[in-house]
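A look at the structure
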Amino acid sequence: EMKLRPTTFTNDSCYLPPLRHPAMTGFSQSPGGEVSQYLFHGGKTPNNELSQKLYMISYVSSANKKSSLCCIEKDLVGDIPEARYGHSMNVVYSRGKTAVVLFGGRSYIPLKQRTTEKWNSVTDCQPLVYLIDLQFGCSTAYTIKEIQDGLSFHVSISRNDTVYIIGGHTLESNIRSPNIYKIKVDLPLGSPAMTCIVLQSQLPVSSAIVTHTCSDEFLIVGGYESDSQKRMTCNKVSINNDNLDIQELETPDWTGDIKQSKTWFGSDMGNGVVLFGIPGDNKNHSSDSNFFFYILNLGGEEDLMQSCSQGSLEEQEDSMPLEDSEEFVFCGDETFDDTYNEDDEEDESVTGYWIKCCPGCDLNVNTWVPYYSTELNKP
């Protein structure tokens, strides 16, 4: 059984707007180590603007055994990546150092080219590879001659000092790339070095989901082969001594709803488990929030396609609707204790999102206009 429950942020957290299609990756101090932070960059805000901010999110345990999130905005200097969405971000390890590799994505056309008719028109970002030092916030852009086109909604996997860019969509040519770009990063005491090798594959896919079963094995699930054709096959990617081996897996037993749906979305739940969601048929429903959720387990002995929720907002008592700005988690292994405990009650006057102003702020809350639509009830 899967339930939704809002989680809280610490008082010193910055405001994190709901972001669509940001780049996200887990960060650990060593290869294969425990993930201590999650990094988010870019994405679309509720006002349909693009973000260029980098957020670092970590778990914080409190005395009452409730987990909160701490969100910090990381300032970048140097070659700052422009605001974008649909890009990728990976952590690399070299010579005892760590760095973040950011690549691809889409951005709005330049302001001087924007008119009323094409104000929200987007274009591929320049095919630059950004190397970010998290310790100092220094970002450096690299031009790699092997990468000539900007890519969006591609697959990216990393191991040690190497990042593999697989598939992706190019707006200008409207194709999904069959290439795999193998980007190797060297972090010596001096200036970093970056090299690239182009490999060929049969995975021209966009918007696919990546999950891993171990440090050397990844699974690629879902995505699109074209604008109107979902990709119904799955692949296993094995990395041995810097060699990439891609094999097609047995096709899961997709349900009829999934086969017939035009769009689908999802996320990695770890260890070969993927969460899928498809929009429900709203013609006969008054609510526009009707979704069907499925869990696909490719990490066990048997493939399991399980329907875990239908009409997620129909049972209001079990799954309360969340505001746009509230975060939620899917939990498959743990159970929620719904027993009321007075000690668990929090002081609402010091929790949640509060806009921090200067000490002499004379803002009149009665005339305050929120920057984000999700701040309407969060002064």
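The structure displayed is predicted, hence computed values, not measured ones.

What counts and how
Residues numbered from 1 in each chain as written. Predicted model: local features only at pLDDT ≥ 70, side-chain atom pairs only at ≥ 80, totals over all residues. Heavy atoms only, no water. Helix = DSSP H or I, 4+ residues; strand = E, 2+ residues; numbered from the N terminus. Buried < 20%, exposed > 50% of the residue type's maximum accessible area, 1.4 Å probe, protein only. Contact = heavy atoms within 4.5 Å. Areas by Shrake-Rupley, 256 points an atom, 1.4 Å probe, with all protein chains shown as cover. 1 Å grid on protein atoms, 1.4 Å probe; cavity = no way out; pocket = protein on both sides within 12 Å on 5 of 7 lines; lining within 4 Å. Points joined across faces, edges and corners; volume = space filled by probe spheres on them. Nonpolar A, V, L, I, M, F, W, Y, C, P; charged D, E, K, R; others polar. Pairing = 2+ DSSP bridges. Phe/Tyr/Trp six-rings, centres within 6.5 Å; stacked < 30°, edge-to-face > 60°.

Thoughts on the overall build of the protein
When its secondary structure is counted, the protein shows one helix and 28 strands. Out of the 379 residues belonging to the protein, those deemed buried represent 41%. The contacts of the protein with a sequence gap of at least 6 include a subset with a gap of at least 24, amounting to 51%. A total accessible area of about 21,700 Å² is found for the protein, and carbon and sulfur atoms account for 47% of it.

Some remarks on the layout of surface pockets
Estimates place the volume of the second largest pocket at around 350 Å³. Lining the second largest pocket are 17 residues; nearest its centre among them are T98, A99, D133, L187 and P192. Where the lining of the second largest pocket is concerned, the elements lending two or more residues are strand 8 (97-103), strand 11 (128-133) and strand 12 (138-143). Residues that form the lining of the second largest pocket fall into these classes: 10 nonpolar, five polar and two charged.

Quick notes on the sheet that holds strand 6 (residues 77-78)
The strand order across the open sheet formed by five strands is 6-12-11-8-7, and the pairing between neighbours is mixed. Sheet topology places strand 6 and strand 7 (88-94) at the edges, where each strand pairs with a single neighbour. Sheet analysis places strand 7 next to strand 8, joined by seven bridges and oriented antiparallel. Considered in strand 8, the bridge of Y93 is made with T98.

Some remarks on the side chain of S51
The residue S51 is located in the loop between strand 3 (37-41) and strand 4 (54-61) in this model. Sequence-distant contacts of S51, defined by excluding residues within four places in its chain, comprise L19, G42, G43, T45, A83 and R84.

Looking at the packing of aromatic side chains
Counting across every chain of the model gives five aromatic pairs. With a centroid separation of 4.8 Å and 15 degrees between ring planes, the pair formed by W264 and F276 is classed as stacked. Here F276 lies in strand 26 (residues 273-279) and W264 lies in the loop between helix 1 (256-260) and strand 25 (265-270), a separation of 12 residues in the sequence. Neither residue differs from the other here; W264 and F276 are each classed as buried. Geometrically, the ring pair formed by F265 and F293 is edge-to-face, given 6.5 Å between the ring centres and 90 degrees between the ring planes. Here F265, found in strand 25, pairs with F293, found in strand 27 (residues 291-297); they are 28 residues apart in sequence, far enough to count as distant.

Section: the pairing of strand 25
Relative to strand 26, strand 25 runs antiparallel, the two being bridged by five bridges. Among the inter-strand pairings, F265 is bridged to a residue of strand 26, identified as G277.

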